[in-house]
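# Summary of the model geometry
Now for the letters of each chain:
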Amino acid sequence: MMLLELKNVEAAYGNIKALKGINLSVPEGKIVTLIGANGAGKSTTMKTIMGIMKPIAGDVLFKGESIAGMKTHNIVRKGVVLVPEGRQILQNMTVRENLEMGAYQRNDAEGIKEDLSKVFERFPRLFERQGQFAGTLSGGEQQMLAIGRAVMAKPEVMLLDEPSMGLAPLVVQQIFDVIKDINKMGTTVLLVEQNARKALQIADYAYVMETGKIVMEGPAQEVASNPDVMAAYLGGK
Ligand code: ATP
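What comes next is a walk through the structure. Predicted model only: the values in this text are computed from it and were never measured.

Let us look at the overall build of the protein chain. Summing up its helical and strand segments, the protein chain has 10 helices and 10 strands in all. The globule rule puts the C-alpha radius of gyration for 237 residues at 18 Å, and the 17 Å found for the protein chain is close to it. Structurally, the protein chain occupies a C-alpha span of about 45 × 40 × 35 Å along its principal axes. Here the protein chain holds 237 residues, and the buried ones make up 48% of them. A total accessible area of about 11100 Å² is found for the protein chain, and carbon and sulfur atoms account for 51% of it. With 27 positive and 26 negative side-chain charges, the protein chain shows a spacing of 3 Å between the two charge centroids.

See the structure below:
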């Protein structure tokens, strides 16, 4: 089943058209990645899915139902959760409070408790630092917290916008391992990345975006071995 589908989606900032007819599908259980250079429109695609931007044409479907133009909190309630670019955790709240905030739309106290234990198990650093202000964490720990918070919302599909941005290589690898684990445990993933090499390694399917359009798509391994993609996004190797 297709969890998420974009059909000919167009979006604009004033008279600058950032999305020029995007078609993209995210099947249940898979990791789909959207790669492309700075300014290609990847973040705009995420914002449009989340209802932060309203498409000027086309449609966004979740489980076949249109969510285009819906309010963000209603989209979250349906099971679509975004880990935004730049982490955006609540710096002056503790690690634990940030995680609890992630579950604010749930009312299954038992399930929330269970998921908090699972997050602490998967992220021992967050467990150790649960009483600490989030703003005092390292960049990598803050990204882990942002992902942990999204897990607490119990999403069906998790959108990640540049989760590896600004992080050291070792931490980047940990982040990608976590994304793979989250997917294995049953969450569908749409991953936006500039680190195309890593993204293509963990993804099932990939879309390549340039100036507001999808210019290529296919199984991630095929996209990774395409000479044009190699030259443009994988350092020509
Ligand atoms: P990045 O990796 O730099 O975030 P991106 O692929 O996510 O790049 P977008 O941020 O979606 O790209 O930007 C797509 C286009 O829309 C760019 O030309 C950008 O300059 C423009 N744009 C983005 N945000 C705004 C804004 N708030 N106002 C005007 N134009 C914007």
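Strand order across the open sheet formed by 4 strands is E2-E1-E4-E5, with antiparallel pairing between neighbours. Looking at which strands have only one partner, the edges of the open sheet turn out to be strand E2 (16-27) and strand E5 (65-66). Pairing of strand E1 (residues 2-13) with strand E4 (residues 57-62), which is carried by 5 bridges, proceeds in the antiparallel orientation. Each bridged residue has a counterpart across the sheet, and for Lys-7 the counterpart in E4 is Asp-59. Across the face of the sheet, helix H1 (residues 42-49) comes into contact with E1, E2 and E4 while running at roughly 115° to E1.

A few words on unusual backbone geometry. Of note, the phi angle at Asn-8 is positive, near 50°, even though the residue is not glycine. Of note, Asn-8 is situated in strand E1. Positive phi is not limited to glycine here, since Lys-154 has a value of about 55°. For Lys-154, the location among the structural elements is in the loop between helix H6 (139-152) and strand E7 (157-161).

Another aspect to go through is the environment of Val-76. Relative to the helices and strands, Val-76 resides in helix H2 (residues 72-78). Taking the C-alpha atoms as reference points, Val-76 and Met-158, separated by 82 residues in sequence, lie 10.0 Å from one another.

As a further point, take the pairing of strand E3 (residues 31-36). The buried fraction of E3 is high, at 6 of 6 residues. Across the two faces of E3 the burial is the same, with Ile-31, Thr-33 and Ile-35 and Val-32, Leu-34 and Gly-36 all buried. When E3 meets strand E8 (residues 188-193), the two strands line up parallel, connected through 5 bridges. In the sheet register, Ile-31 faces E8, and the bridge partner there is Val-189. Where E3 and strand E9 (residues 205-210) come together, 5 bridges link them in parallel fashion. Looking across to E9, one finds that Ile-35 is bridged to Val-208.

This part takes up the side chain of Gln-130. Checked against the element boundaries, Gln-130 lands in the loop between helix H5 (124-128) and H6. At 2.7 Å, the side chain of Gln-130 forms a polar contact with the side chain of Arg-96. With sequence-adjacent residues up to four places away left out, Gln-130 is seen in contact with Thr-94, Val-95, Arg-96 and Phe-120.

Let's shift gears to the pairing of E2. Looking along a regular strand, one sees the side chains alternate between the two faces of the sheet. Sheet topology places E1 next to E2; 9 bridges connect them, and they run antiparallel. For Leu-6, the partnering residue across the bridge sits in E2 and is Leu-24. Counting the residues between successive antiparallel strands, the hairpin from E1 to E2 contains 2 residues, one of them, Gly-14, with a positive phi of roughly 60°.

Running from amino to carboxyl end, H6 crosses helix H7 (residues 169-184) at an angle of 10°, the nearest separation of the two axes being 10 Å. Taken together, the axis directions place H6 and H7 in an arrangement best described as roughly parallel. Of the residues in H7, those in contact with Gly-140, Gln-143, Met-144, Ile-147 and Val-151 of H6 are Val-171, Gln-174, Ile-175, Val-178 and Ile-182. The residue makeup of the contact of H6 with H7, split by class, is 7 nonpolar, 3 polar and no charged.

Reading guide: rules and limits
Residues numbered from 1 in each chain as written. Predicted model: local features only at pLDDT ≥ 70, side-chain atom pairs only at ≥ 80, totals over all residues. Heavy atoms only, no water. Helix = DSSP H or I, 4+ residues; strand = E, 2+ residues; numbered from the N terminus. Rg over C-alpha atoms; globule rule 2.2 N^0.38 Å. Buried < 20%, exposed > 50% of the residue type's maximum accessible area, 1.4 Å probe, protein only. Areas by Shrake-Rupley, 256 points an atom, 1.4 Å probe, with all protein chains shown as cover. Lys, Arg positive; Asp, Glu negative; His and termini not counted. Charge placed at Lys NZ, Arg CZ, Asp CG, Glu CD. Pairing = 2+ DSSP bridges. Contact = heavy atoms within 4.5 Å. Axes fitted to C-alpha atoms, helices over the stretch in contact; angles between N-to-C directions. Polar contact = N/O pair within 3.5 Å; in protein donor to acceptor, adjacent residues only side chain to side chain. Parallel < 35°, antiparallel > 145°, perpendicular 65-115°, else oblique. Nonpolar A, V, L, I, M, F, W, Y, C, P; charged D, E, K, R; others polar.

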